[in-house]
Amino acid sequence: MEQEAKILVVDDEERIRRLLKMYLERENYEVEDAENGEIALEMALKEDYDLILLDIMMPGIDGIEVCQELRKTKATPIIMLTAKGEEANRVQGFEVGTDDYIVKPFSPREVVLRVKALLRRSSSTKFLQTNTGSKDILVFPHLTIDNDAHRVTVEGTEINLTPKEYELLHYLALSPDKVFSREQLLKDVWNYDFFGDLRTVDTHVKRLREKLNRVSPDAASMISTVWGVGYKFEAVKG
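Residues numbered from 1 in each chain as written. Predicted model: local features only at pLDDT ≥ 70, side-chain atom pairs only at ≥ 80, totals over all residues. Heavy atoms only, no water.

**Q** Mind showing me how you'd approach the pairing of strand β8 (residues 151–154) here?
**A** Both faces of the sheet carry side chains from a regular strand, because those side chains alternate between them. By the alternation rule, side chains of β8 split into Val152 and Val154, which are all buried, and Arg151 and Thr153, of which none is buried. Summarising the sheet, strand β7 (residues 143–146) and β8 pair through four bridges and their orientation is antiparallel. Its bridge partner being in β8, Leu143 is matched across the sheet by Val154. The pairing of β8 with strand β9 (residues 157–159) spans three bridges and is antiparallel. Within β9, the position partnered with Val152 by the bridge is Ile159. Between the end of β8 and the start of β9, which pair antiparallel, lie two residues, with Glu155 showing a positive phi angle near 50°. (Buried < 20%, exposed > 50% of the residue type's maximum accessible area, 1.4 Å probe, protein only. Helix = DSSP H or I, 4+ residues; strand = E, 2+ residues; numbered from the N terminus. Pairing = 2+ DSSP bridges.)

Below, the structure is given as C-alpha cells:
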C-alpha cells in the first residue's frame, strides 16, 4: 500500500524537517531526513526511497546538484521545496529532472496531498507495480506502455523513467501523430500553475530519448521533433 512508502526529507532547517516528518509519519510513511545535500545524496544513492522532498537552497551541495547527480542513476520521484522568489531555480529544477515543486511557506497538509499524488503516478511505487491483469495498455512496435502499472518496456526491456518522463511519453503516445506545441505540453504535463521556460520540455524529451535509445534507437525515434512547432509521437515510422 501507498502508506508503506519510504520518504527522504532534505532541508537545512531542523524545524521544517521535524514538521514534515511528523505529518508524513501520521500517514504511516516511513520517513528519514538529511540536513544537507552531501548527506542526502549519499543516503539517496545507497537506499531506494519511494520519494524525496528536497529543499533547493542549502549550503554546500544545493538541491539542484543533488537532483542532477541522482538522475544519472536513479528515477526516484522528487518534490522540490522552494522559496517564493526562486522562479529561476524552479525552472532549473524541472530541467534537471524534479517532478513537482512546493513553494514555501507551505501547508503541511498540501505537502501530504502532493506526496500522495506523486506516489500514485510514480513509476517506481511498489504497489503500482504489483498490479496484474492490466487492460490500460498502449502497444506499439518497439514500445509498450502499461498505464495501470506505470511501466514502459522497450523491446521487452523495462525502462526506468521518472514520473514526469513517464507522463510526457504517455501523453504523447495517447495521440499518435498529433503535434503538440511546447506551450501545450507545459500546460498539460506540467500542470501545477507552472509557467516556465520552454527548454524544460526540450530537456525532458532529450532525456526520454536517451533512455529509450539505450535499448532501441527505433523506439527513441518515435518521439519526433516538428521544427518550429513542438513534438509528436510517431506510432509507425516512415
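**Q** What exactly am I supposed to notice about the sheet that holds strand β11 (residues 223–226) here?
**A** Adjacent strands of a sheet pair through backbone hydrogen bonds, lying either parallel or antiparallel. Within the open sheet, the three strands sit side by side as β10-β12-β11. Their pairing is antiparallel. Two strands close off the open sheet at either side, each with one partner strand: β10 (180–181) and β11. On the sheet, helix α7 (residues 163–173) packs against β10, β11 and β12 (230–233) and is oriented at approximately 70° with respect to β12. Across the face of the sheet, helix α9 (residues 199–213) comes into contact with β11 and β12 while running at roughly 145° to β11. (Contact = heavy atoms within 4.5 Å. Axes fitted to C-alpha atoms, helices over the stretch in contact; angles between N-to-C directions.)

**Q** Explain helix α8 (residues 182–189) here, please?
**A** One turn of an α-helix holds 3.6 residues; hence residues three or four places apart share an orientation. Taken residue by residue, α8 has Arg182, Leu185, Leu186 and Val189 as its buried positions. The arc that holds the buried residues of α8, viewed along the axis, is 100°, so those residues lie on one side. Against the buried residues of α8 lie α7, β10, α9 and β12. (Arc of directions from axis to C-beta.)

**Q** Can you help me understand the packing of aromatic side chains in this one?
**A** Geometrically, a pair of aromatic rings is defined through the distance of the ring centres and the angle of the planes. Enumeration over the complete set of coordinates arrives at two aromatic pairs. Aromatic pair Tyr171 and Phe180: ring centres 4.9 Å apart, planes at 55°, arrangement tilted. Classification of Phe180 by relative accessible area gives buried; the value is 2%. Directly above the aromatic system of Tyr23 lies the positively charged group of Arg26, at a separation of 4.8 Å from the ring centroid. (Phe/Tyr/Trp six-rings, centres within 6.5 Å; stacked < 30°, edge-to-face > 60°. Lys NZ or Arg CZ within 6 Å of the ring centre and 35° of its normal.)

**Q** Can you help me understand the sheet that holds strand β1 (residues 6–10) in this one?
**A** One open sheet accounts for five strands, arranged β2-β1-β3-β4-β5; its pairing is parallel. The open sheet has two edge strands with one neighbour each: β2 (30–34) and β5 (100–104). Across the sheet, the mean angle from the axis of one strand to that of its neighbour is 20°, orientation sign disregarded. Two elements, β1 and β2, share five bridges in a ladder whose sense is parallel. Opposite Lys6, over in β2, you have Glu30 as the bridge partner.

**Q** Help me out: how do you make sense of the pattern of salt bridges in this one?
**A** Any two side chains of opposite charge can pair if their charged atoms end up close together. Inspection of the entire model under this criterion finds 23 salt bridges. Where Asp33 meets Lys21, a salt bridge forms, and the shortest distance between an N and an O atom there is 3.7 Å. With Asp33 in strand β2 and Lys21 in helix α1 (residues 14–26), this pair connects stretches of sequence that are twelve residues apart. With relative accessibility at 29%, the residue Asp33 sits in the partly exposed group. Under the relative-accessibility criterion, Lys21 is labelled partly exposed at 26%. For Arg151, the salt bridge goes to Glu158, with nearest N and O atoms at 3.4 Å. (Salt bridge = Lys/Arg side-chain N within 4 Å of Asp/Glu carboxyl O.)

**Q** What should I look at first to understand the nonpolar core in this one?
**A** Across soluble globular proteins, nonpolar side chains show a tendency to be buried alongside one another. Grouped together as the largest cluster of nonpolar side chains are 50 residues, with contacts concentrated most on Ile52, Leu54, Leu143, Leu169, Leu212 and Phe233. Aside from chain neighbours lying at most four places away, what touches Ile52 is Leu8, Val10, Ala44, Leu70, Thr76, Pro77, Ile78 and Ile79. Core analysis: the next-biggest nonpolar cluster, separate from the first, contains 19 residues, Val9, Leu20, Leu24 and Ile102 among them. (Core = buried A, V, L, I, M, F, W, Y, C linked by side-chain atoms within 4.5 Å.)

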